[in-house]
Each structure stands twice: as structure tokens, then as C-alpha cells.
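Understanding the architecture of this molecule
The residues making up each chain are set out below.
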Amino acid sequence: MAIKPLIDASRIAQRVIELAHEITHDYLGKELVIVPVLKGSYVFAADLVRHIDLDLSVDFLGVRSYGDAQESSGVVEISTDLSHPIEGKHVILVEDIVDTGLTASYLNQNLITRRPASLKLASLLHKPSRTRKTVEIDYLGFTVDDVFVVGYGLDHAEKFRNLPYLAVITDEPSS
Ligand code: IMP
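On a predicted model such as this, the values are computed, not experimentally measured, just so you know.

If you check the shell around the ligand, you find 16 residues, and the closest are Asp-96, Thr-100, Gly-101, Thr-103 and Val-149. Backbone polar atom of Asp-99 to an oxygen atom of the ligand: 2.8 Å apart, as the coordinates give it. Lys-127 is positioned such that a nitrogen or oxygen atom in its side chain is 2.9 Å from an oxygen atom of the ligand. Within the complex, 86% of the 490 Å² of free accessible area of the ligand lies under protein. No other element matches the 4 residues that strand S6 (residues 90-98) contributes to the shell around the ligand. Each residue belonging to the shell around the ligand can be placed in one class, and the counts come to 7 nonpolar, 4 polar and 5 charged.

Set out below in C-alpha cells:
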């Protein structure tokens, strides 16, 4: 197994700033709650919020998805719930990657029952070739092919989250 760089740190930083500026513009004068989905989105969310020039709060959602390391089964469970109600608040759910779309779709359905004023989705990555459930991504970083991506918070068996850039895992032996 080897890792091959996919998107470098400066390109990520530039795109994150663009998304943060868009969000700042869209939510002027509104009370915003940023909800990063743990663990994969923690790096993206940490960078994103630091460029959003608004009063906001951050609350985390932990999810557990059953399946093997590289394949989501579609059975999603909330392992750590939000610490505050979101009723009447403007919420942006922050994902690392929308792969099959099953997790984001499940979380959308769950959060909407809590009656937020609005609910949008930000995702660093999208793998459209793997879609099983279509979800609208309001703030998207990058579209990627059907490859397994690690780094910048994304893991493979809990490793590589600390890479400052995005990389692809390949079957080639590492040199
Ligand atoms: P879903 O298939 O859209 O439900 O994606 C569920 C979760 O699987 C994502 O939030 C990621 O944590 C993980 N995942 C999917 N594809 C990748 C990948 O390429 N690298 C790392 N994690 C991934």
C-alpha cells in the first residue's frame, strides 16, 4: 500500500477560504451553528470556522457507520449527539466527504426533525460516482473520482488524519 498526493495544502487552504467567505456572505445577521461530523471533518471544520467572519457556535455530532473500512453499509448511528437544541437556528452540517450519500442523508433527515431555521451541508469532498442517495451539497470543496482519500482529517483505519494534504491510497507497494 502506498499513498499518492492528490490535493496539496495550499489548494485546500485557498478553497476553504473561498467557502468561508461564501458562508459569511450568505449568513450575515443570522445566528449560525456549525456542526462538524466527527471524526473526519474536524480539520476541515477547524480551518473553515476560522475564516467565517460571523458570530457562530460549534457543536459536534459523532456518527458510527457499520461496514468495513472502505465501504459504508448505510446503517448510521449517532454516537455523540449535539449538546444544545438547534430549533430556530441556522445550521450548517460539515462533512469530510459525501461518498454514497447515506450518512449525510440520514443526518439531514434526523436534524430536520429538530426544526432548525435552516439546514445546509458543507463537504470538503464529493465522490459523485458512488452516489446511492442524492444529497444537495451547498458548500463543496472538491469533487474526486472513485478513489480512497486520506489526509486532512480523513483516515484509513484511523491513520493518516494528520497529513496536511489530501492523498490517495493505492495498492502499489510503497518504495
Ligand atoms: P457515505 O458513504 O457518504 O455515507 O460516507 C460515510 C463516511 O465514510 C464519510 O463521512 C467518511 O468518513 C467515510 N468515507 C467515505 N469515503 C471515504 C474516503 O475516500 N476516505 C476516507 N473516508 C471515507
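There is more to say, and it comes next.
It is worth spelling out the pairing of strand S4 (residues 61-65) at this point. As paired strands, strand S2 (residues 32-38) and S4 are joined by 2 bridges and run parallel to one another. The residue bridging Val-37 from the neighbouring strand is Leu-61, located in S4. As paired strands, S4 and strand S5 (residues 76-80) are joined by 4 bridges and run antiparallel to one another. Looking across to S5, one finds that Val-63 is bridged to Ile-78.

So, on to the side chain of His-90. Looking at the secondary structure, you find His-90 in strand S6. Using a relative accessible area of 17% as the deciding quantity, one classes His-90 as buried. With residues up to four places along the chain from it excluded, the contact list for His-90 reads Tyr-27, Lys-30, Glu-31, Leu-32, Val-33, Ala-117 and Ser-118.

This part covers the pattern of salt bridges. Under the definition given, this model contains 10 salt bridges. Between Asp-99 and Arg-130 there is a salt bridge; the shortest N-O distance is 2.7 Å. In this pair, Asp-99 sits in the loop between S6 and helix H3 (102-112) while Arg-130 sits in the loop between strand S7 (118-126) and strand S8 (139-143), placing the two residues 31 residues apart along the sequence. Take Asp-99 and Arg-130: they sit in the same class, and that class is buried. A salt bridge links Glu-158 to Arg-161; the shortest N-O distance between them is 3.0 Å.

The next subject is the pairing of S2. Across the 7 residues of S2, 6 count as buried, placing the element largely inside the fold. Of the pairings in the sheet, the one linking S2 to strand S3 (residues 56-58) comprises 3 bridges and is parallel in character. Within S3, the position partnered with Leu-32 by the bridge is Leu-56. One ladder, built from 5 bridges, connects S2 with S6; its direction is parallel. Its bridge partner lying in S6, Val-33 is registered against Val-91.

The rules we used
- Residues numbered from 1 in each chain as written.
- Predicted model: local features only at pLDDT ≥ 70, side-chain atom pairs only at ≥ 80, totals over all residues.
- Heavy atoms only, no water.
- Near = heavy atom within 4 Å.
- Polar contact = N/O pair within 3.5 Å; in protein donor to acceptor, adjacent residues only side chain to side chain.
- Areas by Shrake-Rupley, 256 points an atom, 1.4 Å probe, with all protein chains shown as cover.
- Helix = DSSP H or I, 4+ residues; strand = E, 2+ residues; numbered from the N terminus.
- Nonpolar A, V, L, I, M, F, W, Y, C, P; charged D, E, K, R; others polar.
- Pairing = 2+ DSSP bridges.
- Buried < 20%, exposed > 50% of the residue type's maximum accessible area, 1.4 Å probe, protein only.
- Contact = heavy atoms within 4.5 Å.
- Salt bridge = Lys/Arg side-chain N within 4 Å of Asp/Glu carboxyl O.

Worth remembering: the numbers are spatial, not functional.
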